[in-house]
Amino acid sequence: MSATHTTANKEREVSSTRTPATIRLLVADVDGTLVTHDKVLTQRARAAVAKMRSAGIQFAITSGRPPRGMEMLIAPLALTTPIAAFNGGMFVKPDLSVIEQRVLQADVIEPAMETMRKHGLDSWIYRGTEWFVRDRHGPHVDREEWTVKFPPTVVSDFQGLTNDVAKLVGVSDDLDAVQRCEAAVRKQFGTDVHTKQSTPKRDTLVTAARSQPYYLDVTHPEANKGYVVTRLSELLDIPITEIATIGDMPNDISMFKNSGTSIAMGQAGEEVKSAATYSTSSSEEEGFAKAVEDFVLSNEGQFSR
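Described in the following lines is the structure provided in the data block. Because the structure is a prediction, the values reported are computed rather than measured. (Residues numbered from 1 in each chain as written. Predicted model: local features only at pLDDT ≥ 70, side-chain atom pairs only at ≥ 80, totals over all residues. Heavy atoms only, no water.)

**What to know about the overall build of the chain**
On a plain count of helices and strands, the chain comes out with 10 helices and 16 strands. Burial statistics for the chain: of 305 residues in total, 52% are counted as buried. Long-range contacts, defined as pairs at least 24 residues apart, comprise 59% of the intrachain contacts of the chain with a sequence gap of at least 6. Summing over all exposed atoms, the chain offers an accessible surface of approximately 13900 Å²; the carbon and sulfur share of this is 48%. (Helix = DSSP H or I, 4+ residues; strand = E, 2+ residues; numbered from the N terminus. Buried < 20%, exposed > 50% of the residue type's maximum accessible area, 1.4 Å probe, protein only. Contact = heavy atoms within 4.5 Å. Areas by Shrake-Rupley, 256 points an atom, 1.4 Å probe, with all protein chains shown as cover.)

Dropping the structure here:
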């Protein structure tokens, strides 16, 4: 075993025995976290949310999904907190009325889609309450329709649809290409500003992150899950140190960084797990409910890898 690996394990052991922080809010990703691979909200997950409510701990959800794509979760979980759709690009109330939204600059849409095309990715546009595609049965369109519970609008091209875009999605089953495209889009829309300073600040026109291995979500630069945490902290008047987060994908790392306690799902990659305070089991093994029981409601947690 390498010295680096040994050190990492020791750090994890220390983190598992530290005194747990007070948690007043848990913010959860949806797909692969709150629900299973087959999009099932289990009875144990529902019970875990009810237990938190009884303990005075609030619960909120965030996802790359549009608001309508999370509507089926509101009643079963008795949600009362703002819902962060499009990775924070839009906040809505439980009745789906809009609290606030952030959309992409119109002039980034075409160049971003061209970068996606060069990497072999299809493009989708989410705008207002609608979802636009060019291929009715392109990669993952049918599965996305089943997930969000409404069909896309099919168009021959995206002309006239580049204003007020909440989310641009690149889609491909070539997972390496999706990862390369993520890096390319970040580089494409990142600029160095204040370059005369000793430590130049890196600014960007978009947030680009994978919400699934086959999805690249491009949203407003402030529409990311890190912003979701800070905004919910303001809206609910809860200090960031008293907020816990749970997720499974690279786009969840930003909310891990902005919360007092973070939990990675068991199926998450090492990149995600290494950014989290704790790890739980997978979404197929009641990982969400276990995390609530072990790290949110319990007075002592066991760090598992």
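Back to the write-up after that little detour.
**Comments concerning the pairing of strand 6 (residues 122-127)**
Taken together, the 6 bridges between strand 6 and strand 9 (residues 165-171) define a ladder with antiparallel strand orientation. Paired with Trp 124 across the strands is Val 169, a residue of strand 9. Both strand 6 and strand 7 (residues 130-133) contribute to a ladder of 3 bridges, which runs antiparallel. Bridged to Ile 125 within strand 7 is Phe 132. Once strand 6 ends, the chain turns through 2 residues before running back antiparallel as strand 7, passing Gly 128 with a positive phi of about 65 degrees. (Pairing = 2+ DSSP bridges.)

**Some points on unusual backbone geometry**
In the Ramachandran plot, Ala 78 falls in the positive-phi region, its phi being about 50 degrees despite a non-glycine side chain. Topologically, Ala 78 is positioned in the loop between helix 3 (71-77) and strand 3 (83-85). For His 140, which is not glycine, the phi torsion reads 70 degrees and is therefore positive. For His 140, a relative accessible area of 18% puts it in the buried group.

**Notes on the packing of aromatic side chains**
Enumeration according to the criterion identifies 9 aromatic pairs in this entry. Ring centres of Phe 91 and Tyr 227 lie 6.1 Å apart, and the angle between their planes is 80 degrees; this geometry places the pair in the edge-to-face category. Of the two residues, Phe 91 is situated in strand 4 (residues 90-92) and Tyr 227 in helix 7 (residues 225-236); the sequence distance between them amounts to 136 residues. Each member of the pair Phe 91 and Tyr 227 is classed as buried. Plain terms: the ring middles of Trp 131 and Phe 150 are 6.2 Å apart, the flat faces sit at 90 degrees to each other, and that makes the pair edge-to-face. One end of the pair, Trp 131, is in strand 7; the other, Phe 150, is in the loop between helix 5 (141-148) and strand 8 (153-154), with 19 residues separating them in the sequence. For Phe 150, a relative accessible area of 3% gives the class buried. In this structure an aromatic cluster arises from ring pairing among Phe 86, Trp 124, Tyr 126, Trp 131, Phe 150, Tyr 214 and Tyr 215. (Phe/Tyr/Trp six-rings, centres within 6.5 Å; stacked < 30°, edge-to-face > 60°.)

**Considering the nonpolar core**
Leu 26, Leu 34, Met 52, Phe 59, Ile 61, Trp 124 and Phe 288 are the most contacted members of the largest nonpolar core, which totals 47 residues. The leading source of residues in this core is helix 10 (residues 287-297), at 6 residues. Among residues more than four places away in sequence, those in contact with Phe 288 are Leu 26, Ala 28, Thr 33, Leu 34, Ala 45, Ala 48, Val 49, Met 52, Phe 59, Ile 246 and Met 265. (Core = buried A, V, L, I, M, F, W, Y, C linked by side-chain atoms within 4.5 Å.)

**Concerning the sheet that holds strand 13 (residues 215-219)**
One open sheet holds the 6 strands; their spatial order is 8-7-6-9-13-12, and the pairing between them is mixed. Of all the strands in the sheet, the pair left with one neighbour each is strand 8 and strand 12 (207-212). As paired elements, strand 9 and strand 13 share 4 bridges and run antiparallel to each other. When the bridges of strand 13 are listed, Leu 168 appears paired with Val 218. Running over the sheet, helix 5 touches strand 6, strand 7 and strand 13 and is turned about 175 degrees from strand 7. (Axes fitted to C-alpha atoms, helices over the stretch in contact; angles between N-to-C directions.)

**Some details on the pattern of salt bridges**
Within this structure, the stated rule accounts for 17 salt bridges. Residue Glu 242 pairs with Arg 24 through a salt bridge whose shortest N-O separation is 3.2 Å. Placement of the pair is Glu 242 in the loop between helix 7 and strand 14 (243-247) and Arg 24 in the loop between helix 1 (3-17) and strand 1 (25-29), with a sequence separation of 218 residues. Put simply, Glu 100, Arg 102, Glu 222, Arg 231 and Glu 234 are held in one network by salt bridges that share partners. (Salt bridge = Lys/Arg side-chain N within 4 Å of Asp/Glu carboxyl O.)

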